[in-house]
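These are the residues of each chain, in order.
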Amino acid sequence: MRILTACFISSMLCLSTLGTAQTLLGTVRTPEGDPAAGAVVTIEQLHKRTLVRSDGSYRIPDIPPGAYTLTIGGIGYQQRRVQLLIPPGQATIERTDTVAIEARTMNEVVIYGASRQLEKITDAPAAVSIVLPQDLERATTHGQLPKALEHFQGVDVVQSGMNDFNVNTRGFNTSINRRVLVLIDGRDPSTPLLNLLEWNSLQQQMSDIRSIEVIRGPGSALYGANAYNGVIAITTYAPRDVLGSYASVTGGQYNTLRASIRHAGAIERWAYKITAAASFQDQAWVHSRDTTAGGWLEYPGLARDVTGQLVGGRRITSIDSLINAHRRAYNYSLTARADYDLGSDERLTADLGYSRYGNEYFVNQTGRILIPNVEKPYARVAYNSPHWNVQGYWTRRVTPEPQIVLNAAATSAEKSDVVVLDAQWNDTFLGDRLRLIVGAQHSYEHVRTAVAGALAIIDPSELHNNFSGFYGQTEYALLSTLRLVGALRVDRSTFFETQLSPKGGIVWAPTAEHTFRLTVNRSFLRPSYPDLYRRSPAGAPIPFARIDSLISTETGVPRLGVSMLPQWNLGNPTVGVESAVSYEFGYKGILGRSLYVTLDAYINQRRNFISVPLGGLAPNVYRPVRYGNLRADSILRAELNKLNPTYFDRLAYDRDGTPALIITPTNIAEVIERGLELGINYYLSNQLTIIANAAWLGFSVVENNLTAQKIVPNTSPRRYNIGLSYTEPRRFDASIMLRYSDGFPWVAGLFEGYVPAYAVVNLNAGYYLSDDLRLSLNIFNLLDRAHYEIFGGTILRRYATAALSYELR
């Protein structure tokens, strides 16, 4: 019996050994013997992928015994497939391979965001730009993510302060841009109240970002409400991608100091990653615009700053003193992530983060706002497998101190929570000719503005809303060279009416190097909470007793009995969504093995713009105040016009029946937008690349029944970028870019003016002092050309930083 038991145990141990997953330790070099740093190594059957490190090594764990196909390639390398045999009984398997450098790079780029599935960029049924790994590495020197996007065709990045950016694709930008959806690992980091992104509040550092994809054009068919003009999909490194430690220190002009650290490790099926960072800058470009107390306006048309804001029980009496006390911007951030590998291609993830930033100056539709202190925590859990992607997350934005409106005697505050559940299933059928994606999403938002001692800016001051979306996409290969794409999303909400967002497209790839596409999309933009529920002062009360008495005396009509008229900026509960239908043609191709070209042309039919608040726009909500007598109303108009030409249209009954001077938004206009985007990458050698692109934009107003509201795209009609990039992986890299923007008119809220043409040169260079130590330099606006990029924004000057980073694997 003992002998049988021993034989049974030995057999089980043998079988256990045969089934134990093993680890591949490999090295990849170029034919010259150099490390193939940054190459991508993939085990196709297991969908396992990793990057080659700077010394040429890589590691892929948890490989069951068997025969596989190992693919080596990626950006800058020719693709190579080799056979991989994992014999049983060995804990580790070592091998060495070579891969040749390839100048034709872009056809190896793999993206996810265009179809919510992995595909080559040349196969994507959308206009897509991607920040290449070498450009992400360069961007760690300055740490400003939007600046990594400003050289793409069709992407409109405008800077209004040291760290305040508005990022849009194509046209119709604004000082509070919410027309592009931004996702970080599938999580929306935007602020719920205004539904916009604060770029300087991100918890993730540039050094922790693995990829950035920019989908230009409507994306509501897959992503819903705020993918109105496009989607920016940001992916961070998984812990196993960056095992080891990383640290970076940056210093530069305006007393810039930035430091960040990261550590990642793995224990069997577990992997973890921790990051922390701190950043400080002097807001040297910001000064007082209170012209009554020594301040000045940088250019004509700006609104002057005023005092009188109530903060902490005390009134602001000096803008100059206020700015000096809040001149040094700061940002602290912390993230932690843990992954548990359920299998070779199945993973559970738990992720949390926190950021605190302040002393920043933003530009919005009412003027400049000082943000003294904002805290933004989040938590996320996710499950990912080849066919299922499920996640849930919570985010919060809270202002412990009131935000101060510099050109009005007003403050605001917010404490908002968002909870989201998102699930997606995908699979292929008919021998991979048919690909299906089905998904559902639900989010809950809780917004409060009567916090931190500030007056509530929405009424009611606390709101709860639910948003649900259901979507699906089908791709069918009629031929090996011809695909049909169809998608549909249904969005339901307690905040807006049910919306249908369809998409249809044809993708034709006559060869592996050339792809043509035709697509039709519908997208929509939801209103913000203030659009529907705002209640904030729009100015000081206006004396009215004399006018009321004069009208009664002259005409005999009864008095209204009002001595003062309050001024209110009120929401309009009848405001609906903006919508657009887009028709696009696109081409992506590789010509002569060295030239990568993209060409995208589009026509957008935009309807129901949400206007800025004006008087008389919602008579069905705020009934105009009239005496009911032609002569009395004529005197009323004449007397109010003496004070302000807009007062007569603004005079209406508040919801409680009190006469007031009211402004409110509404839906207006139909506009046809036309655009053309051209991008060229020419690879002079394996290391040297010329980058050039251009974007042209035109529009025509088909209908606008509100002549007081001017319709302009707030975007330059002609934008050009040209530059030169040189890269020797893990040795030396440099780039120089010229960015030109033609002048254009700007209308947004209280601001109306002109942004003159500007041209700036940006320089970046990095050198590896050793395999693990990198020294880099970045200079924005090298020639120090004073300019502004958004009307109402600060004059921008040269900004230079240098960074030293160390990576230990």
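All values reported here derive from a predicted model rather than from experimental measurement.

Undergrad: Quick question: what am I supposed to make of a nonpolar patch on the surface here?
TA: The grouping of Ile267, Trp270, Tyr272, Ile274, Leu334 and Tyr354 at the surface amounts to a nonpolar patch, some 590 Å² of accessible area in total. Per element, the largest residue contribution to the nonpolar patch is 3 residues, and it comes from strand β18 (residues 270–282). Position of Ile267 relative to the elements: it lies in strand β17 (residues 256–267). Owing to a relative accessible area of 55%, Ile267 belongs among the exposed residues under this scheme.

Undergrad: What am I meant to see in helix α6 (residues 545–555) here?
TA: Helical periodicity: at 3.6 residues per turn, an α-helix aligns residues three or four positions apart in one direction. Taken together, the buried positions of α6 are Ile547, Asp548, Ile551 and Ser552. Seen from one end, α6 has its buried residues packed into an arc of 130°, which puts them on one side. Away from its buried face by more than 90 degrees, α6 exposes Arg546 and Thr553. On the buried face of α6, the contacting elements are α7 (630–643). One or two positions beyond α6, positive phi appears at Gly556, with a value near 85°.

Undergrad: Help me understand the packing of aromatic side chains, please; the structure alone is not making it clear to me.
TA: Ring pairs (aromatic) are described by centroid distance and by the angle formed between their planes. Per the stated rule, a full pass over the model turns up 23 aromatic pairs. Measuring from ring centre to ring centre gives 3.7 Å for Tyr299 and Tyr788, while their planes differ by 5°; the resulting arrangement is stacked. Of this pair, Tyr299 sits in the loop between β18 and β19 (310–311) while Tyr788 sits in the loop between β48 (773–780) and β49 (799–808), and the two are 489 residues apart along the sequence. A relative accessible area of 10% means that Tyr788 is categorised as buried. Judged by centre distance (6.1 Å) and plane angle (25°), the rings of Tyr720 and Tyr740 are stacked. Here Tyr720, found in strand β43 (residues 718–728), pairs with Tyr740, found in strand β44 (residues 732–741); they are 20 residues apart in sequence, far enough to count as distant. Accessibility expressed as a relative area gives 31% for Tyr720, which makes it partly exposed. You can call Tyr740 partly exposed: its relative accessible area is 29%. Of the aromatic side chains, those joined through ring pairs into one cluster are Phe467, Phe495, Phe496, Phe524, Tyr529 and Tyr533.

Undergrad: Which parts of the structure should I look at to understand α7?
TA: With 14 residues, α7 extends 20 Å between its outermost C-alpha atoms, agreeing within 8% with the 20 Å of an ideal straight helix rising 1.5 Å per residue. When α7 is considered as a whole, its buried residues turn out to be Ala632, Asp633, Ile635, Leu636, Glu639 and Leu640. Seen from one end, α7 has its buried residues packed into an arc of 155°, which puts them on one side. Counted as exposed and oriented over 90 degrees from the buried face of α7: Leu630 and Lys642.

Undergrad: Honestly, the pattern of salt bridges in this entry has me stumped. Any pointers?
TA: Oppositely charged side chains can form a pair if their charged atoms are brought close together. In the structure shown here, the tally under the stated rule is 46 salt bridges. Its salt-bridge partner being Asp600, residue Arg216 comes within 2.9 Å of it at the nearest N-O pair. One end of the pair, Arg216, is in strand β14 (residues 209–216); the other, Asp600, is in strand β38 (residues 595–610), and 384 residues separate them in sequence. Each member of the pair, Arg216 together with Asp600, is buried. Salt bridges sharing common partners tie together Arg170, Arg216, Arg517, Glu584, Asp600 and Glu677.

Undergrad: Looking at this structure, how should I read the sheet that holds strand β4 (residues 57–63)?
TA: Backbone-to-backbone hydrogen bonds join strands into a sheet, with any given pair of strands oriented parallel or antiparallel. Pairing within the open sheet is mixed, and its 3 strands lie in the order β4-β1-β7. Of all strands in the sheet, those bounded by a partner on one side alone are β4 and β7 (92–98). The average undirected angle you get between the axes of adjacent strands in this sheet is 20°. Sheet topology places strand β1 (residues 22–29) next to β7; 7 bridges connect them, and they run parallel. Residue Thr27 lies in a different strand from β7, and its bridge partner there is Thr96.

Undergrad: Help me understand unusual backbone geometry in this model?
TA: Excluding glycine, residues mostly carry a negative phi; peptide bonds, for their part, are mostly trans. Of note, the bond from Asp459 into Pro460 is cis; its omega dihedral lies within 30 degrees of zero at 5°. Tracing the chain through its elements places Pro460 in the loop between β30 (434–448) and β31 (462–479). Despite not being glycine, Tyr254 shows a phi value in the positive range, around 60°. Mapped onto the elements of the fold, Tyr254 is located in the loop between β16 (244–252) and β17. Non-glycine residue Ala669 carries a positive phi angle of around 70°.

Undergrad: What is the right way to look at the environment of Val381 in this model?
TA: Its location among the elements puts Val381 in strand β25 (residues 374–384). It is 6.2 Å that separates the C-alpha atoms of Val381 and Asp351, two residues lying 30 residues apart in sequence. Apart from the residues within four sequence positions on either side, Val381 is in contact with Thr349, Ala350, Val390, Gln391 and Gly392.

Calculation notes
Residues numbered from 1 in each chain as written. Predicted model: local features only at pLDDT ≥ 70, side-chain atom pairs only at ≥ 80, totals over all residues. Heavy atoms only, no water. Patch = residues over 30% accessible without salt bridge, like charges linked within 9 Å, V, L, I, M, F, W, Y side chains within 5 Å. Areas by Shrake-Rupley, 256 points an atom, 1.4 Å probe, with all protein chains shown as cover. Salt bridge = Lys/Arg side-chain N within 4 Å of Asp/Glu carboxyl O. Helix = DSSP H or I, 4+ residues; strand = E, 2+ residues; numbered from the N terminus. Buried < 20%, exposed > 50% of the residue type's maximum accessible area, 1.4 Å probe, protein only. Arc of directions from axis to C-beta. Contact = heavy atoms within 4.5 Å. Phe/Tyr/Trp six-rings, centres within 6.5 Å; stacked < 30°, edge-to-face > 60°. Expected span 1.5 Å × (residues − 1). Pairing = 2+ DSSP bridges. Axes fitted to C-alpha atoms, helices over the stretch in contact; angles between N-to-C directions.

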